[in-house]
Amino acid sequence: MRVLLTGGAGFIGQHVLAELVSRGHSVRVLDSLRADVHRGKPWTPPEGVELITADVREAEACDRALVGVEAVLHLAAKVGLGVDVQDLPDYASSNDAGAAVLLAAMARAGIGRFTLASSMVVYGEGLALCAEHGLVTPAPRLEASLAVGDFEPPCPHCGKPLGVRLVGEDTPFDPRNAYASSKVAQEFYASNWARVTGGSAAMMRYHNVYGPGMPRDTPYAGVAAIFTSALRAGKAPRVFEDGGQRRDFVHVRDVAAATVAACEQHTNGVAAFNVGSGTPRTVGEMARALSAALSGPEPEVTGQYRLGDVRHITADSSALRERLGWQPQVRFEDGMAELARASA
Ligand code: UD1
């Protein structure tokens, strides 16, 4: 297929690009090479791949980029967590307006296939089990509780601790930071577009993606990159909270394979797919794996916290396996060792 990949010069984008090329697709990349990610460094696409350096918010650039295209994979976005409220306008503009401009251009061009890089953060804390009240949406964590080291979100009804559950794609949205809100908005725009045009949209809700080429040393870097940078400098990884927060660390090559599988196979209406390895880990466990791989100092558990952080996000990715025949290939231990080597 002839496809347009937005954000193809980014961390996940470059792996999706490699997967598309290896599967014989003809790829055009639209990427603004935004300064907060690329820091003015040029990026050269692999041979045979066309690059249009422009922002997805520019309607004319989208029109140009869509000529002759059959499917769009939309990865261009401002990523991360949102450092503070001052980040809101840029998330709204880069992500919400970006998706809206692109989808409108797709409708003009009559292109009916859309694959979106969404995120597990759309679920907030997801759902958890209370012994007394059954399945509940965990209450937001109060700063007063975090400050005294009380990190687990309580049952909203009785305040008691909750058991963790893997969230399915039907879990209600509960975005708790600027980035999460912008991903929810993108999904709504895509559903809206699909309904009106009869197109198909696959929302790929990525879990914590890691692997070679991860951005680091920026306020928007993921925790695995922050830890490897610290270890490279001979310092201990600084683990926030008590290190017991759970995530599903999924390797970027597995994420790329899932994204391309959805682009190739999903042609019917709107569908969401959680993209996780299926094996949740704690942040403390991940820090120890990286320290061991780099023979570095033991992680330091700091008790620090970030207000927009959720405590646990763990996905049930069985729909992706069952409906798209996808299987993660990279084991956690191997992936972390590879990341450690890549950053050495
Ligand atoms: C990450 C992604 C987000 C994505 C989501 C999907 C980044 C920056 N964010 O969010 O785009 O949508 O996964 O699930 O990649 N931590 C430390 N020490 C540090 C930094 C962080 O212990 O120095 C902890 C945080 O408190 C948090 C955990 O590590 O509990 C993960 O943080 P982070 O990598 O920023 O990712 P998410 O917030 O899960």
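This text goes with the structure placed above it.
Residue positions within a chain follow its written sequence, with the count starting from 1. Predicted model: local features are reported for residues with pLDDT of at least 70 only, side-chain atom pairs are reported and counted for 80 or more only, and whole-chain, interface and lining totals are derived from all residues. The basis for the side-chain values is all heavy atoms of the structure; hydrogens and waters are excluded.

1. Focus: the site of the ligand
Of all residues adjacent to the ligand, which total 23 residues, the nearest are Ser119, Val223, Phe240, Arg247 and Asp309. Within the side chain of Gln245, a nitrogen or oxygen atom sits 3.2 Å from an oxygen atom of the ligand. Between the ligand and Arg306, the relevant distance is 2.8 Å, taken from an oxygen atom to a side-chain nitrogen or oxygen of the residue. Against a free-state accessible area of 730 Å², the protein chains account for coverage of 91% of the ligand. The way it works is that DSSP assigns letters per residue, a run of H or I at least four long becomes a helix, a run of E at least two long becomes a strand, and they are numbered from the N terminus. When contributions to the shell around the ligand are tallied by element, the ones reaching two or more residues are helix H7 (223-232) and strand S11 (238-239). For the shell around the ligand, the element with the highest residue contribution is H7, accounting for three residues. Lys, Arg, Asp and Glu make up the charged group, whereas Ala, Val, Leu, Ile, Met, Phe, Trp, Tyr, Cys and Pro make up the nonpolar group; the residues left over, Gly among them, are polar. Across the shell around the ligand, the residue classes break down as 13 nonpolar, six polar and four charged. What makes a residue near a molecule or strand is one non-hydrogen atom of that residue sitting within 4 Å of it. Contacts described as polar in this section are N or O atom pairs within 3.5 Å, which, within protein, must combine one atom able to donate a hydrogen with one able to accept it, while residues neighboring in sequence count only if both atoms come from side chains. The Shrake-Rupley method, run with a 1.4 Å probe, gives the accessible areas here. Residue values count only the displayed protein chains as cover.

2. Details of the packing of helix H9 (residues 283-293) against helix H11 (residues 332-342)
Only the stretch in contact is used when a helix axis is fitted, and all axes are lines through C-alpha atoms; the angle between N-to-C directions ranges over 0 to 180 degrees. Two elements in contact, H9 and H11, have axes separated by 9 Å at closest approach and are oriented at 55 degrees. Between H9 and H11, the angle is such that the two are oblique. You can see that H9 and H11 cross each other, and the crossing is right-handed. Of H11, the residues touching H9 (which contributes Met286, Ala289, Leu290 and Ala293) are Phe332, Met336, Ala337, Leu339 and Ala340. Considered class by class, the residues forming the contact of H9 with H11 number nine nonpolar, no polar and no charged. An angle below 35 degrees is read as roughly parallel, one above 145 as roughly antiparallel, one from 65 to 115 as roughly perpendicular, and any other as oblique. Two helices crossing with the near one rotated counterclockwise from the far one by less than a right angle form a left-handed crossing, whereas a clockwise rotation gives a right-handed crossing. Contacts are assigned to residue pairs that have any heavy atoms within 4.5 Å of one another.

3. Description of the sheet that holds strand S2 (residues 26-31)
Read from one edge to the other, the open sheet built from seven strands follows the order S3-S2-S1-S4-S5-S9-S14, with strand pairing classed as parallel. Strand pairing shows two members of the sheet lacking a second neighbour, strand S3 (50-53) and strand S14 (270-275), which therefore form its edges. In this sheet, adjacent strand axes meet at a mean angle of 20 degrees when their direction is disregarded. Two elements, strand S4 (residues 71-74) and strand S5 (residues 113-119), share three bridges in a ladder whose sense is parallel. For Leu73, the partnering residue across the bridge sits in S5 and is Thr115. Two strands qualify as a pair provided DSSP detects at least 2 bridges between them.

4. Re the side chain of Thr282
Positionally, Thr282 belongs in strand S15 (residues 281-282). Apart from the residues lying within four places of it in its own chain, the contact partners of Thr282 are Gly243, Gly244, Gln245, Arg246 and Phe249.

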